[in-house]
Amino acid sequence: MDVEETEVVTRSDDGSFVLWREDIDMATLATKADVISSIRAFIAKAESALKSA
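Residues numbered from 1 in each chain as written. Predicted model: local features only at pLDDT ≥ 70, side-chain atom pairs only at ≥ 80, totals over all residues. Heavy atoms only, no water.

Novice: Help me understand the confidence of the model for the protein chain, please; the structure alone is not making it clear to me.
Specialist: In low-pLDDT regions, the fine details of the predicted coordinates are not to be read closely. Taken over all residues, the pLDDT of the protein chain has a mean of 81, while the share at 70 or more is 92%. The element-level mean pLDDT for the protein chain is lowest in strand 1 (residues 3–11), coming to 77, with helix 1 (residues 32–51) highest at 84. (pLDDT = per-residue confidence, 0-100. Helix = DSSP H or I, 4+ residues; strand = E, 2+ residues; numbered from the N terminus.)

Novice: Looking at this structure, how should I read the pattern of salt bridges?
Specialist: Pairs can form between side chains of opposite charge once their charged atoms are near each other. Under the counting rule described, the total for this entry stands at 2 salt bridges. Notably, a salt bridge pairs Arg 21 with Glu 7, separated by 2.9 Å at the nearest N-O pair. Of this pair, Arg 21 sits in strand 2 (residues 17–25) while Glu 7 is found in strand 1, placing the two residues 14 residues apart along the sequence. Residue classification places Arg 21 among the partly exposed residues on the basis of a relative accessible area of 44%. On the basis of relative accessibility, which here comes to 38%, the residue Glu 7 falls in the partly exposed class. The salt bridge involving Lys 45 is made with Glu 22; its shortest N-O contact spans 3.1 Å. Residue Lys 45 is located in helix 1, and its partner Glu 22 is located in strand 2; the two are separated by 23 residues in the primary sequence. (Salt bridge = Lys/Arg side-chain N within 4 Å of Asp/Glu carboxyl O. Buried < 20%, exposed > 50% of the residue type's maximum accessible area, 1.4 Å probe, protein only.)

Novice: Help me understand the side chain of Ser 38, please; the structure alone is not making it clear to me.
Specialist: Summarising the element assignment, Ser 38 is placed in helix 1. Note on Ser 38: relative accessible area 17%, which makes it buried. Among all residues touching Ser 38, those that are not within four sequence positions of it are Ile 24 and Leu 29. (Contact = heavy atoms within 4.5 Å.)

Novice: Please explain the pairing of strand 1 as it appears in this structure.
Specialist: On a regular strand, each side chain points to the face opposite its neighbour's, so the side chains alternate between the two faces of the sheet. Pairing of strand 1 with strand 2 involves 9 bridges; the strand directions are antiparallel. The partner of Thr 10 across the bridge, within strand 2, is Val 18. (Pairing = 2+ DSSP bridges.)

Novice: Hey, could you run me through a nonpolar patch on the surface in this one?
Specialist: Nonpolar side chains collect at one region of the surface, where Val 9, Phe 17 and Leu 19 lie side by side and expose about 310 Å² of accessible area between them. Counting through the fold element by element, Val 9 comes out in strand 1. (Patch = residues over 30% accessible without salt bridge, like charges linked within 9 Å, V, L, I, M, F, W, Y side chains within 5 Å. Areas by Shrake-Rupley, 256 points an atom, 1.4 Å probe, with all protein chains shown as cover.)

Take a look at the structure:
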């Protein structure tokens, strides 16, 4: 199983660092479009979570 750990780090309004991490199982992604779609979904979830942090 080839799992990629994907993460994003940003600063919250109070100056502290916020980390959002997700494992993506590359074996379930058959095409380049699947990889792109998975990364876009990760970014959307991370943006939403980081806004509420």
